[in-house]
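Structural overview for review
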Amino acid sequence: MASETAISTLTMPKPVDFPPLAGDPVSPESWKTLMAIMDAVAPSVQRADSLSSTSAENARASTVNLSNEDYQASLASLRQYAAPSEDGLKQQDLFEAYLAERPSENPVFETVLKNILSGIPPAKKRKLEMVLSLLGTRGGSLLLTGYVTPLSSLSISDRTKILHSWRTSALYALRGLFNTFTSVCKLVHARTSAYHSPLTGFPTIPPSWVANASFPYEFLDFSSSSSFTPNNKTGTIEIDTDIVIIGSGCGAGVVTHRLASTFGRNLRVLVLEKGRHFDASHFPLSQEVGLSSLMEGGGVIETEDGSITVTAGACFGGGGTVNWSASLQTQHFVRKEWAQDRKLPFFETEAFQACLD
């Protein structure tokens, strides 16, 4: 862990890289189809009169071109959700750049999306590959979209019509496709857009950020040949311990603490955690890296029909690492109900308040 002196000199959180990918989550052709869908969910929007005659024809296939009246209406709608700005011209430029963004031209969008896809279960990944492969063929596209042309070759207008047809389809599977693709795209786009933060006023780093020291946890390095010697017959590393605890989240952390405080060094406890560890000097992580580094499945765990998305921590400390700074204190009337109506007096004590603080 970094020394106290080194930490005190930090003026911003330490940068965190994306987790390494084992390989591309889908084939190149399927990726092309997927990005064509992403471009339709979060399309590039421009004024028709802002395009030159030579570029208008090319832009029509990949850009939503609005009349000046409709474009201004879109800007007015966005301004309702933007942070106040004293520089109206600069904000106008940011709005126009935000509307003109296209997922397939944003490398960070593609990186985050690949990390999400790499974390989904193998069975679901195979289904995704199958659907994308079908959409890339004439026959498959006709079956799923009603167009004989592969989806990636269709105009943005036709791709938008397909999405709307899936949304209102009588077929459960097609509605599920719409929910999955739109949910993932909106999640990634909001976290990777270069203009989302300055327009909403949401700071990437709190103004009063101060680096704090972390507890000096000790981790076992299984990749070090000097620390562990693999079994000559099986090639596996063998560890002799009394108790193994899977995971390091709130539940596992309490159990580990109780065992350590009760038995001390008389009991050997090994905690296994698949996620990454970050000390206090790394927080807060950026929106894009945080999804891939702190959340199970890159922040996207869906129900079978794609209608509900669940966010779960998958790092050292589990959900506690993610939520400790984002959770609101339990309101007094709820605590009163638990203590008096449910006969759980602890929730009205100073001890419980200390836990919240």
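Overview of the structure. (Residues numbered from 1 in each chain as written. Predicted model: local features only at pLDDT ≥ 70, side-chain atom pairs only at ≥ 80, totals over all residues. Heavy atoms only, no water.)

**Some remarks on the packing of aromatic side chains**
Using the following cut-off: Stacked, edge-to-face and tilted labels apply to pairs of Phe, Tyr and Trp rings (six-membered ring for Trp) whose centres lie within 6.5 Å, assigned for plane angles under 30 degrees, over 60, and everything in between, in that order. Each residue gets one of three labels from its accessible area relative to the maximum for its type: buried under 20%, exposed over 50%, partly exposed in between, using a 1.4 Å probe on protein chains only. Here, a charge over a ring is recorded when the distance from Lys NZ or Arg CZ to the ring centre is within 6 Å and its angle to the ring normal is within 35 degrees.
Per the stated rule, a full pass over the model turns up 10 aromatic pairs. With a centroid separation of 6.4 Å and an interplanar angle of 50 degrees, the aromatic rings of Tyr 217 and Phe 219 are classed as tilted. Judged by relative accessible area, Tyr 217 falls into the partly exposed class, the value being 44%. Three or more aromatic residues joined by ring pairs make a cluster, and in this case those are Phe 215, Tyr 217, Phe 219 and Phe 316. A cation over a ring is seen here: Lys 114 above Trp 31, with NZ or CZ 5.1 Å from the ring centre.

**Quick word on the pairing of strand S4 (residues 269-272)**
This is how the line gets drawn: Only when DSSP finds a minimum of two bridges between them are two strands counted as paired. A run of DSSP states H or I qualifies as a helix once it reaches four residues; a run of E qualifies as a strand once it reaches two. Both are numbered from the N-terminal end. Orient the strands so they point away from the viewer; a crossover is then right-handed if the path from the first strand over the helix to the second runs clockwise.
Here strand S3 (residues 243-246) runs beside S4; their pairing, made up of 4 bridges, is parallel. Bridge assignment links Val 244 to a residue of S4, and that residue is Leu 270. Viewed along the sheet, the connection from S3 through helix H12 (residues 250-263) into S4 turns out right-handed.

**What to know about helix H8 (residues 138-145)**
Here is the rule we go by: As used here, the arc is the angular range of directions from the helix axis to the C-beta atoms. Any two residues whose heavy atoms approach within 4.5 Å at even a single point are treated as in contact. A 3.5 Å cut-off defines polar contacts: any pair of N or O atoms within that distance qualifies, except that in protein one atom must be a possible hydrogen donor and the other a possible acceptor, and neighbouring residues in sequence count only when both atoms are side-chain atoms.
All buried positions along H8 are accounted for by Gly 140, Ser 141, Leu 144 and Thr 145. Seen along its axis, H8 keeps its buried residues to an arc of 100 degrees; they face one direction. Among the exposed residues of H8, those pointing more than 90 degrees away from its buried face are Arg 138, Gly 139 and Leu 143. Elements that come into contact with the buried residues of H8 comprise helix H7 (122-135), helix H9 (156-167) and helix H10 (172-192). A side-chain oxygen of the first residue of H8 lies 3.0 Å from the backbone nitrogen of Gly 140; this N-cap is Thr 137. Positive phi appears at Gly 146, one or two residues downstream of H8, with a value of about 85 degrees.

**Observations concerning helix H6 (residues 107-118)**
Inclusion rule: A helix is expected to reach a length of 1.5 Å times the quantity of its residues less one.
In a regular helix each residue adds 1.5 Å, so 12 residues correspond to 16 Å; H6 covers 17 Å between its end C-alpha atoms and thus fits that length. All of the buried residues along H6 are Phe 109, Val 112, Leu 113, Asn 115, Ile 116 and Leu 117. Residues of H6 that are buried sit in contact with helix H2 (28-41), H7, H10 and helix H13 (287-294). Taking the backbone nitrogen of Val 108 as reference, a side-chain oxygen 3.0 Å away marks Asn 106 as the first, capping residue of H6.

**Overview of the nonpolar core**
Our working rule: Here, nonpolar core means buried Ala, Val, Leu, Ile, Met, Phe, Trp, Tyr and Cys residues that are tied together by side-chain atoms lying within 4.5 Å of each other.
In this structure, Leu 34, Ile 37, Met 38, Leu 113, Trp 166 and Phe 181 are the most contacted members of the largest nonpolar core, which totals 44 residues. Of all the secondary-structure elements, those providing two or more residues to this core are H2, H6, H7, H9, H10 and H13. Element by element, the count of residues in this core is highest for H10, at 8 residues. If sequence neighbours within four positions are ignored, Trp 166 has contacts with Leu 135, Leu 144, Thr 145, Leu 174, Arg 175, Leu 177, Phe 178 and Phe 181.

**Remarks on a nonpolar patch on the surface**
Put simply, the test is: Patches here: salt-bridge-free residues with over 30% relative accessible area, like charges joined within 9 Å, nonpolar side chains (Val, Leu, Ile, Met, Phe, Trp, Tyr) joined within 5 Å. Computed by Shrake-Rupley with a 1.4 Å probe, the accessible areas treat only the displayed protein chains as cover when residues are assessed. When a carboxyl oxygen of Asp or Glu lies within 4 Å of a side-chain nitrogen of Lys or Arg, that pair is called a salt bridge.
A cluster of nonpolar residues, Leu 220, Phe 222, Ile 237, Ile 239, Val 244, Ile 246 and Leu 272, forms a patch on the protein surface that exposes about 590 Å² of accessible area. The class for Leu 272 is partly exposed, based on a relative accessible area of 33%.

**A closer look at the side chain of Ser 44**
By secondary structure assignment, the location of Ser 44 is in strand S1 (residues 44-47). Reaching out from Ser 44, the side chain makes a polar contact with the backbone oxygen of Ala 100 at a distance of 2.7 Å. Non-local contacts of Ser 44, meaning those with residues more than four positions away in its chain, are made with Thr 63, Val 64, Leu 99, Ala 100, Glu 101 and Arg 102.

**Let's talk about the packing of H10 against H13**
Rules: For helices, the fitted axis covers only the stretch in contact; all axes are lines through C-alpha atoms, and the angles between them, taken along N-to-C directions, range from 0 to 180 degrees. Small angles under 35 degrees read as roughly parallel and large ones over 145 as roughly antiparallel, with 65 to 115 read as roughly perpendicular and the rest as oblique. Each residue receives one of three labels: charged for Asp, Glu, Lys and Arg, nonpolar for Ala, Val, Leu, Ile, Met, Phe, Trp, Tyr, Cys and Pro, and polar for the others, Gly being one of them.
With their axes 7 Å apart at the nearest point, H10 and H13 run at an angle of 130 degrees to one another. Between H10 and H13, the angle is such that the two are oblique. In contact with Leu 187, Arg 191 and Thr 192 of H10, H13 contributes Gln 287, Glu 288 and Leu 291. Looking at the contact of H10 with H13 residue by residue, the class counts come to 2 nonpolar, 2 polar and 2 charged.

**Some points on the state of the cysteines**
Using the following cut-off: A pair of sulfur atoms, both from cysteines and within 2.5 Å, is called a disulfide here.
Enumeration over the complete set of coordinates arrives at 0 disulfides. Free of any disulfide, Cys 355 has its nearest cysteine sulfur in Cys 250, 12 Å distant.

**Focus: the side chain of Ser 141**
Structurally, the position occupied by Ser 141 is in helix H8. There is a polar contact of 3.0 Å between the side chain of Ser 141 and the backbone oxygen of Tyr 147. Setting aside its immediate chain neighbours within four residues, Ser 141 contacts Leu 134, Leu 135, Gly 146, Tyr 147, Thr 149, Pro 150 and Leu 151.

**Overview of the pattern of salt bridges**
Under the definition given, this model contains 7 salt bridges. Two residues, Arg 47 and Glu 96, come together in a salt bridge whose shortest N-O distance is 3.5 Å. Residue Arg 47 is located in strand S1, and its partner Glu 96 is located in helix H5 (residues 88-100); the two are separated by 49 residues in the primary sequence. You can call Glu 96 partly exposed: its relative accessible area is 26%. Residue Asp 240 is joined to Arg 268 by a salt bridge in which the shortest nitrogen-to-oxygen separation is 3.4 Å. Of the two residues, Asp 240 is situated in the loop between helix H11 (196-200) and S3 and Arg 268 in the loop between H12 and S4; the sequence distance between them amounts to 28 residues.

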